[in-house]
Each structure stands twice: as structure tokens, then as C-alpha cells.
Number of protein chains: 2
Amino acid sequence: MTLKTVSSVLPLGFKASGLSAGIKRSGKPDLALFFSESPCVASAMMTANAFKAAPLVVSAQHLAASKTRALIANSGNANCMTGRKGLRDAREMTASVARQLALKKEEVLVASTGIIGKPLATDKIKAAVPGLVSSLSVKGFPSAAKAVMTTDTFAKTASLQAVIGGKTVTVCGVCKGAGMIAPRMKMATMLAFCFTDALIEKAALKDALACAVDDSFNAVTIDNCMSTNDMVVLMANGRAGNRMIKKGSPEAVRFSRLLRQVCICLAKMIVEDAEGATKFIEVRISGTATKPQAKDLAFGVANSNLFKCAMFGSDPNWGRIAAALGATDSRLKQEDLRIKLNGVYVFNNGRPVAVKDRGLLKGRNIVVDVAVGRGKSGATVYTSDLSYGYVRINADYN
Amino acid sequence: MTLKTVSSVLPLGFKASGLSAGIKRSGKPDLALFFSESPCVASAMMTANAFKAAPLVVSAQHLAASKTRALIANSGNANCMTGRKGLRDAREMTASVARQLALKKEEVLVASTGIIGKPLATDKIKAAVPGLVSSLSVKGFPSAAKAVMTTDTFAKTASLQAVIGGKTVTVCGVCKGAGMIAPRMKMATMLAFCFTDALIEKAALKDALACAVDDSFNAVTIDNCMSTNDMVVLMANGRAGNRMIKKGSPEAVRFSRLLRQVCICLAKMIVEDAEGATKFIEVRISGTATKPQAKDLAFGVANSNLFKCAMFGSDPNWGRIAAALGATDSRLKQEDLRIKLNGVYVFNNGRPVAVKDRGLLKGRNIVVDVAVGRGKSGATVYTSDLSYGYVRINADYN
């Protein structure tokens, strides 16, 4: 399948906008709207955290009740642990958009990101909604992407096209990351919104999303802290005019690959822009019996603070990789283990290999290859280092 | 029961020594010996890590084969992931001590701590053993304690006495901590050596150790990184002349309490001296159905990097506590949750409580109280903050 990269193009029939509603003290953009001219089949995956934020509760109800037309998202405040007021506020956000766009409130989804436990300034949001609606545009995607940023240093979008079912289908996505990023299987780990003009059955859409998330948003970790607000949404409005993509069909496989690529692209941007990151680290595990086993081991390494500090210091201290692997799976055998750092063996044949190149890990990109000799499966996880910057950003976020 | 604090006194019949064998490049003390004039019943708990260091393998064999007379420990090198040479080196360390003290090598235990994956300079150790043996002394405990330090900034010892079975019984302990500290249930998490002159059955000794470790070394976490070298050893030589402490007896309960206090004292010192620590944090969970559930929640908070960074910044960002709790147990209910920081409610009755005191967390000691409203059990876990210092120490440890 040939994938075509397109720069931040919204699929047919979608519009977006972003502006500053005054939620952030800095005055930076903090309110985004995504809108489809026609009804969408939609699917979402949400955090496994017990304390799900109010917008997630409301969005789940709306997804169950109706087709979807729009999504409103704010940064600067998570609207989480805010009790009944929080739920009312999230509903008012959707109602406010629905009024302006002549939709039912159930056709509107809502997402929030930012600090936990502060009441939302809903009046400011309601006051900003008319302007947000009137500035909706096919070129509004970059503005909307900016408005969901928190500690992100750049906006994160990706668009890809492919011919599926006789027509060019576009998938585009936007996400926000930077901190409180940890995956839980089958769950999303930040905010990501994907839009497509593909004509697709809801069941096929749901499958494609689960598969894409597994290899992308659920394959990254920054700090092993699971957010209360994480959500991935996928909306499909069918405007590409392709033959209907049915569950289990070859077209469904093609669509799934297209979506997966967009999501991997976005997930890698999250790691690239992780709080304080000076390194982009790929942890590849091979030789496990199953893929989940490989992912567990990869996360074991990727979430080790000692490993992450060593990477910050460009220190090829592979003993910390071994310690993290051994802590994750007590059945591993020393004699079966092989570890490569940026392509150079540091442990092989049950013995350490002396590292001669002192500058081996000096660059920004680090690849850790681990083979454990227990089977034929594998997995890759992306992470960043643990730096002074991470501590600084999070020591006084409030 | 009245416990009497005594300053670093070895129990009757024990001697210790410590010196520099040249394993550490700095020339600081790095070799310690502990010796009992008469045979000891002994028990040990070891890390659950798959890549157990060679000294642990050898010590487990020796414990199974014989009563115990001595323990040799080095810092500066973990002798882990060092293949067959590592096992040979660990055995030579015990043999070398055995020769000098006219013991069987099975009567000698061995422990190592330091960097993983480097071959041990066994020649230096063997050359130092005669001096180590000749300097054994009833006053050598502080020297031995210094010799097991790695990134520790102070030596960690504790001694307590109580009357048990008609006689004064002494328990003393030494440990090393600072980094790669994470507990796994029923396992130790650093190096800790405890000695007692109590006369006690092996079964009672084993029970007392498991109980003491659960509330002490298994109730601390610095960085959630499980070491390959962790071991707790308890040696009892019976020289106090008390009536034999039998499993399940009131005397066993008294001994267990005495040991538990020594271990809690040592465990807290590990947290006090954690790598880069600027805060000593106590996370207390109440209202769970079982103690393990409470411990899980406490560790969920204590291991959250975002929580630890907020504590470093004295920032009462309780949203991160809630997020960590919710990530640990998805069944928690917002309306049942109460959170206090240093005695002040920040979340109560399902709602945030505004914190008025801006200096609430400015001091070194922080207590987090969480009630989850699901039962009558609870647990306490001790941890430190995540600071620039932690990153600095671990960025180039090699």
C-alpha cells in the first residue's frame, strides 16, 4: 500500500478552529473545536484511571447516544476531581457548541487537559464558543492543534492518504503529550483526535482504532504516570465516497494500516517533545513467546528511572537495563540475554562486552536492542530520558 | 515491651571490621567483615530479580548447607552479570575468609554492592582479607558499616535491646541504600545485615525476619528500581543465654517486635539518605479491605515521578496523588476519597479544598494521609522526592 504524506490537511468535510479563551494565565490558545459537516461514526478509547475526568464521562455518554458531529477540547484545566460542578461544566461545553452549530448536545464530544482539581472557568469558555464556531475553517487544523498544548513545545499533527475502496481516503490526527504519559493496555494515554473521510462501518472503525493505539499511544511512556484525562477519539464522516469498509475485509486492513501510521507518527512526536527530553529512545525486545511479554519487558526498561538517567548522561550503563529486565520477568536467563546499544553489543553469550566507543550514546537517538531467547515475538516501545528539565517542569507546575 | 536504644553496639559474641581494599577508585572503605565467635542460625531474604548477583547464589547455597559464622561484603562492585567468573569470585571471597578464620567456606556468607557487569578485583580482596580478619573487634561495627556504603552519605546502623526469656537480648543492624531501591513483597530491597545474641529456633527466626522486612525494607521505595543484589541477612548466635525462643511463643512475638523496630529504623535511614533527597515523605493509606491493598496504593503514590517532583517543589499538587491512586486501583470512588497533606485536608467530601497555607510543604518532612473508604486496613510507605540531585548522581554513575 502506498501512503502519501500530506501536511496537516483535514479530510473532506471537516473544519477546525482554535483560540484563546483565557483559561491559561499565559493567554496562549486554550480552546479547540473540530467539526464535521455530516454525521460521523465515532469510537473512543479512554484512560483506565479510576478518577476519570468529567469530560470523559460526558463523552462516553454522548458516543453511546448518538452519531458525532463535533468535538470541543480545552487545555489549561483538566476538569478532573471537580465533583458535580465538573460534570455540569463538561455538559455545558457540549451544549454551548451544539447551540451555536444547531446540533443536539449528544452530537458533541468534549475533552480537557491541564491541572487536576481546579474548577473550570466555564463562563470564559461559553463566551468564546461563538468566536470558535465562526472561525471554523478547512485550514483551521494547526490553530486547533496549538490550542490543546500544555507543556508541549510544538503542535503535533499528522496526515496521510491512501487509495482505499476506489477513492483517496485521508486520515489526519492531532495529539497533545509532554507529561503524565503512561500506557495501559487497550487504553489511550494522552489526548489524540483522529479524523477521516473514509466510509466505514462502526465495528471496523473500532477494530482499527484498537489496533492502531496498541502500536502507537500504548507503546510510549514518558514518566509511567497514568493520566485521568487520556482519550483517543476517531471520527469518520464517509465523505471520501469509497466503497463501505467492512469489518474483516481487505479494505479494513488497508484502513487500519493507514490509521496506525498516523497514530505512530503522533505517538513518536509525544516522545520527541516529552517534558525535559534530551534523548529519543527506542527499546526493542525480541525473542519472547508473545507480544505482550515483549511489551512488558520493553516498558520495564523504558520506565526505569536509573536507565533514563543513564541515557541523559549518555552513559552505556547496561547493568541498569539488565536489572530492569530481571525485575520484570524473574524467569529470564543470563546466558540467553543479548543487549545492543546503538547497534553495538554490550552483553552477549552470557558475558559483558567492553564498550570501546566512549561517544556511543552522545547523539539524540538511542536504540536499545534486547534479545531474551524465549520465543519468536517482539515489541517496540518509545521513551525519553529523565533530565533536570523534567524535574524543573514538574517541581512547580501548579 | 521496653526497648532500649544502644549506640551501634554489637550483640554478645559478634565482631566486625571494615577497610579499604582498593575496589573503589576513590580509595574509600569498601570491604567489611562480620564474625560470630559461635555458630549462628541464620536466615536471608533475597531479591526477586531474575539476574541475581553471584554472591546471592553462593550465600543461598551456604545457608542451606551449614550454620553461619561470618559474612563478608564489598561495595564498589556488584559482581552481577559477571558469568562463571563472578560465581568463582564470590566463592573465593568466602574461601579466603574461611581460611583465615579456620572455618568451612559454607560457614561464610558473601554480599556485594556497586556497579553491575564489571569483573571483580578478587586479588585485591584476597590480599585484604588477612588485615580484615586481624582487625575484627567488638568496636568494629561503625567501620564495617562505612565499608558497605556506595552513594550513601552516612553509615546506617541501629541497635536495640529488650529483656526476652529472662535475659537482655541485643539486635543490631547495618544497611546500605541510596539508590536502585524498590521493594517486592516478601523480598528485601538493599543490603541489610542484622545480628542478635538471642537464642532462637531457625523457624522463629525466619518468621520474625519476614515480618520485620514487610514493615521496613519492603515499605520503602526510592526510585522503583529493583536491584539484582538485594539481600537481608539475620544471624543469631544464642550468646544472650535466654530461654530458647520458639516459633509462635510470646517470646517470639517480643523478639519479632524488637527486630522490626531495628529494621524500620534502618529502612527510614535509607529514605533519609536517598539519592538526591531533599524531602522525607510518609505515605499513609487507610480504609482498604486488606493491608496489601493499602501498600499497593501507597506505592502507587510513592513511585509517581510527578508526585515526587511536586514534593521537590513543595507544591501541594494533590491531583497527582489522585491520579496515581486512580491508576493503581480502578475501583476507587471520588466521593469516598480524602487526602490530607501535613494534616491539612486538600480533598474531602468529594471536593477539592483550597489550600491557604502556601508554605504547607516547605519543610523537609511531608506526610500524605489518604483514606479511600473501602475497609478498615491500612499501610505506611516511606519515600523521598525526585530532585536534580537524583538525576545528577545517576546520569554518570559509571
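Residues numbered from 1 in each chain as written. Chains lettered and ligands numbered in written order. Predicted model: local features only at pLDDT ≥ 70, side-chain atom pairs only at ≥ 80, totals over all residues. Heavy atoms only, no water.

**Description of the sheet that holds strand 14 (residues 351–352) of chain A**
Residues and elements named next belong to chain A.
Next up, step 1: The strand order across the open sheet built from seven strands is 9-16-11-15-12-13-14, with neighbouring strands paired in mixed fashion. The open sheet has two free edges, formed respectively by strand 9 (220–221) and strand 14, since each of these has just one partner strand.
Next up, step 2: Sheet topology note: the strand 13 (residues 344–348)/strand 14 ladder contains two bridges and is antiparallel. From the neighbouring strand, Asn348 faces strand 14, where its bridge partner is Arg351.
Next up, step 3: Those strands touched by helix 7 (residues 291–302) are strand 9, strand 11 (280–288) and strand 16 (377–384), and its axis lies near 25° from that of strand 16. (Pairing = 2+ DSSP bridges. Helix = DSSP H or I, 4+ residues; strand = E, 2+ residues; numbered from the N terminus. Contact = heavy atoms within 4.5 Å. Axes fitted to C-alpha atoms, helices over the stretch in contact; angles between N-to-C directions.)

**Some details on the relation of the copies chain A and chain B**
Next up, step 1: Once chain A is rotated about the relating axis by 180° and shifted along it by 0.0 Å, it coincides with chain B to within an RMSD of 0.0 Å. What the superposition gives is, in effect, a two-fold axis relating one chain to the other. Using C-alpha coordinates, one finds that chain A approaches the rotation axis most closely at Tyr388 of chain A, a distance of 2.7 Å.
Next up, step 2: The fraction of interface residues of chain A whose copies in chain B are also interface residues reaches 100%, indicating that both copies meet through the same surface. (Least-squares fit on C-alpha atoms with pLDDT ≥ 70 in both.)

**Remarks on helix 9 (residues 319–328) of chain B**
An α-helical segment advances 3.6 residues per turn. Residues three or four places apart therefore align on the same side.
Next up, step 1: Among the 10 residues of helix 9 of chain B, eight are classified as buried, and the element is accordingly described as predominantly covered.
Next up, step 2: For helix 9 of chain B, the complete set of buried residues consists of Gly319, Arg320, Ile321, Ala322, Ala323, Ala324, Leu325 and Gly326 of chain B. (Buried < 20%, exposed > 50% of the residue type's maximum accessible area, 1.4 Å probe, protein only.)

**As for the domain arrangement of chain A**
Residue and element names in this part refer to chain A.
Next up, step 1: The domains assigned to chain A are domain 1 (4–272) and domain 2 (280–395).
Next up, step 2: Using only C-alpha atoms to locate each centre, domain 1 and domain 2 end up separated by 32 Å.
Next up, step 3: Residue-level contacts link 15 residues of domain 1 with 15 residues of domain 2.
Next up, step 4: Buried surface at the junction of domain 1 and domain 2, both sides included, amounts to about 1,400 Å², of which 54% is carbon and sulfur.
Next up, step 5: Sorting the residues of domain 1 by area buried against domain 2 places Thr221, Val271 and Glu272 first, and these three jointly supply 34% of that buried surface.
Next up, step 6: Across the contact surface, domain 1 and domain 2 share four salt bridges.
Next up, step 7: Along the contact surface separating domain 1 from domain 2 lie 11 residue pairs in polar contact (both at pLDDT 80 or more).
Next up, step 8: Those elements giving two or more residues to the side of domain 1 that touches domain 2 turn out to be helix 5 (202–215), strand 9 and helix 6 (250–272). (Domains from an automatic or database assignment. Buried area = accessible area lost by both parts, 1.4 Å probe. Salt bridge = Lys/Arg side-chain N within 4 Å of Asp/Glu carboxyl O. Polar contact = N/O pair within 3.5 Å; in protein donor to acceptor, adjacent residues only side chain to side chain.)

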